Amino acid sequence: MSLYDDTVLVLKRYEGQPELRQAYLDHLSEHGDDGMWKACTAGHVTASALVVDPSRGRVLLTLHKKLRMWLQMGGHCEPGDASLAAAALREATEESGVPGLTLLAGGPVRLDRHPIPGPCTQHLDVQYAAVAPPDAVEAISDESLDLRWFAYDEVAGAADESVVRLMEATRARL
């Protein structure tokens, strides 16, 4: 199964945010496989994951190098990604440096469409949650200025509303 086909199935199974989910499906229908890749200037699907340590009530955020904002781990899909979930897990592992992450069961936690600086106009982000092992030790990547664990109640003071909504949805699923 192609990454495009997997993404369409994931979105069709996703039960939340019906209008936004349909907008993602319409985008993929209009742009086909191109709608998955960074080169699609009308927007493209991205995969992200909020790294969470439920036993300590905290999340790991990255200070994004270009945007200079505290965000969940994530980014562009790559041709070698077997599935959208695999892309989210790869991105979370690469950007957090934490081995042994596991995606929270049940598929994506949220969808978030946001504008980005050109030439592309938007990211159609499919957001998962990744549970860190109890002994997780983070390691900063080239894509980050910093990594930091935030207690659940600290996230709203550090990150934007999209991250807060993702954290709240993740906590509800835990």
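Residues numbered from 1 in each chain as written. Predicted model: local features only at pLDDT ≥ 70, side-chain atom pairs only at ≥ 80, totals over all residues. Heavy atoms only, no water.

Caption draft 1: Representation of the pattern of salt bridges in the model. Under the defined criterion, the tally for this structure stands at seven salt bridges. The shortest N-O distance in the salt bridge between E78 and R90 comes to 3.3 Å. Here R90 lies in helix α3 (residues 84-96) and E78 lies in the loop between β4 (73-76) and α3, a separation of twelve residues in the sequence. Judged by relative accessible area, R90 falls into the buried class, the value being 16%. For the salt bridge of R90 with E94, the shortest nitrogen-to-oxygen distance reads 3.4 Å. (Salt bridge = Lys/Arg side-chain N within 4 Å of Asp/Glu carboxyl O. Helix = DSSP H or I, 4+ residues; strand = E, 2+ residues; numbered from the N terminus. Buried < 20%, exposed > 50% of the residue type's maximum accessible area, 1.4 Å probe, protein only.)

Caption draft 2: How the structure looks around helix α1 (residues 3-13). All of the buried residues along α1 are L3, Y4, D6, T7, V8, V10 and L11. Of the surrounding elements, those touching the buried residues of α1 are α2 (18-31), β1 (44-53), α3, β6 (110-115) and β7 (122-131). (Contact = heavy atoms within 4.5 Å.)

Caption draft 3: Broad picture of the pairing of strand β2 (residues 58-64). Within β2, six of the seven residues are buried, leaving the element largely enclosed by the surrounding structure. In the sheet, β1 pairs with β2 via three bridges, with the strands oriented antiparallel. Looking across to β2, one finds that V52 is bridged to V59. In this structure, β2 lies alongside strand β8 (residues 144-151), joined through seven bridges in antiparallel fashion. Its bridge partner being in β8, V59 is matched across the sheet by F150. (Pairing = 2+ DSSP bridges.)

Caption draft 4: Quick peek at the pairing of β7. In terms of burial, β7 is a largely internal element, eight of the ten residues being buried. Pairing between β1 and β7: nine bridges, direction parallel. Following the sheet pairing, V45 is matched in β7 by L124. Relative to β7, β6 runs antiparallel, the two sharing six bridges. Following the sheet pairing, P115 is matched in β7 by Q122. In textbook terms, the turn of a hairpin is the stretch between consecutive antiparallel strands, and for β6 and β7 this stretch comprises six residues.

Caption draft 5: Quick peek at the side chain of Q127. Relative to the helices and strands, Q127 is located in strand β7. Looking at Q127, the relative accessible area reads 1%, which means it is buried. A polar contact is formed between the side chain of Q127 and the side chain of D125, at a distance of 3.3 Å. Contacts of Q127, omitting those with residues within four sequence positions, involve S48, Q72, P108, V109, R110, L111, D112 and L166. (Polar contact = N/O pair within 3.5 Å; in protein donor to acceptor, adjacent residues only side chain to side chain.)

Caption draft 6: Representation of the packing of aromatic side chains. Within the structure shown, the criterion is met by one aromatic pair. Of note, R58 hangs over the ring of W149, and the distance from its end group to the ring centre comes to 4.0 Å. (Phe/Tyr/Trp six-rings, centres within 6.5 Å; stacked < 30°, edge-to-face > 60°. Lys NZ or Arg CZ within 6 Å of the ring centre and 35° of its normal.)

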